[in-house]
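If you want the building blocks of each chain, they are given just below.
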Amino acid sequence: QVQLVESGGGLVQAGGSLRLSCAVSGITFSINAMGWYRQAPGKQRELVAQIAIGGRTNYADSVKGRFTISRDNPKNTVYLQMNSLKPEDTAVYYCNTIRAVIGGTASWGQGTQVTVSA
């Protein structure tokens with residue numbers, strides 16, 4: 001069973017940066033496309049960034065040019081570098097495999113809270 005442990009969140013002023021990490025176990029990490037998702041209060045969880053097995057990336061329009069997703073296969077870890085943070089980026093951030101989310105079988109970690117003050 002997959003285990004996902006997100007970390008790196010915190011409180012930051014608008015314009016600041018944070019780097020999130022997600023340690024993954026229980027699956028063969030290197031053959032899974034991964035995504036970072038976020039859920040703000042009162043809103044549905046949304047995909048903000050994804051990285052394919054080969055490293056190709058894709059971003060939601062709201063974070064394009066500010067966020068960078070990367071992966072370290074030997075460490076079974078996926079990262080999200082967040083720059084130029086805005087108050088609207090405030091949310092709980094989660095990682096997961098793209099396949100499980102699309103397939104409706106995803107189980108979620110505890111997430112990491114990101115709060116951006118104006």
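Preceding this paragraph is the structure being described.
Conventions we followed
- Residues numbered from 1 in each chain as written.
- Predicted model: local features only at pLDDT ≥ 70, side-chain atom pairs only at ≥ 80, totals over all residues.
- Heavy atoms only, no water.
- Buried < 20%, exposed > 50% of the residue type's maximum accessible area, 1.4 Å probe, protein only.
- Helix = DSSP H or I, 4+ residues; strand = E, 2+ residues; numbered from the N terminus.
- Pairing = 2+ DSSP bridges.
- Salt bridge = Lys/Arg side-chain N within 4 Å of Asp/Glu carboxyl O.

**Q** Would you take a moment to explain the pairing of strand S10 (residues 112–117) for this structure?
**A** For a regular strand, side-chain orientation follows a simple rule: the groups alternate between the two sheet faces. Covered by surrounding structure in S10 are Thr112, Val114 and Val116 only, the residues Gln113, Thr115 and Ser117 on the alternate face being uncovered. As paired strands, strand S9 (residues 91–97) and S10 are joined by 3 bridges and run antiparallel to one another. Directly across from Tyr93, in S10, lies its bridge partner Thr112.

**Q** Would you mind showing me how to read unusual backbone geometry here?
**A** Across residues other than glycine, the phi torsion is negative in most instances, and most of the peptide bonds are trans. If you check the backbone angles, Asn76 has positive phi at about 50° while not being a glycine. Mapped onto the elements, Asn76 comes out in the loop between strand S7 (67–72) and strand S8 (77–82). In this structure Asn76 comes out as partly exposed when scored by relative accessible area, which is 27%. Positive phi values are uncommon outside glycine, yet Ser84 reaches one of about 50°. Counting through the fold element by element, Ser84 comes out in the loop between S8 and S9.

**Q** I'm lost on the pattern of salt bridges in this one. Help?
**A** When the charged atoms of two side chains lie near each other, side chains of opposite charge can form a pair. All told, the structure shown has 4 salt bridges when counted by the stated rule. A salt bridge links Arg38 to Glu46; the shortest N-O distance between them is 2.7 Å. In this structure Arg38 comes out as buried when scored by relative accessible area, which is 6%. Among the salt bridges present, the one from Asp89 reaches Arg66, with a minimum N-O distance of 2.7 Å. Here Arg66 lies in the loop between strand S6 (57–59) and S7 and Asp89 lies in the loop between S8 and S9, a separation of 23 residues in the sequence. Take Arg66: its relative accessible area is 10%, and that puts it in the buried class. One continuous salt-bridge network, built from bridges that share partners, spans Arg38, Glu46, Arg66 and Asp89.

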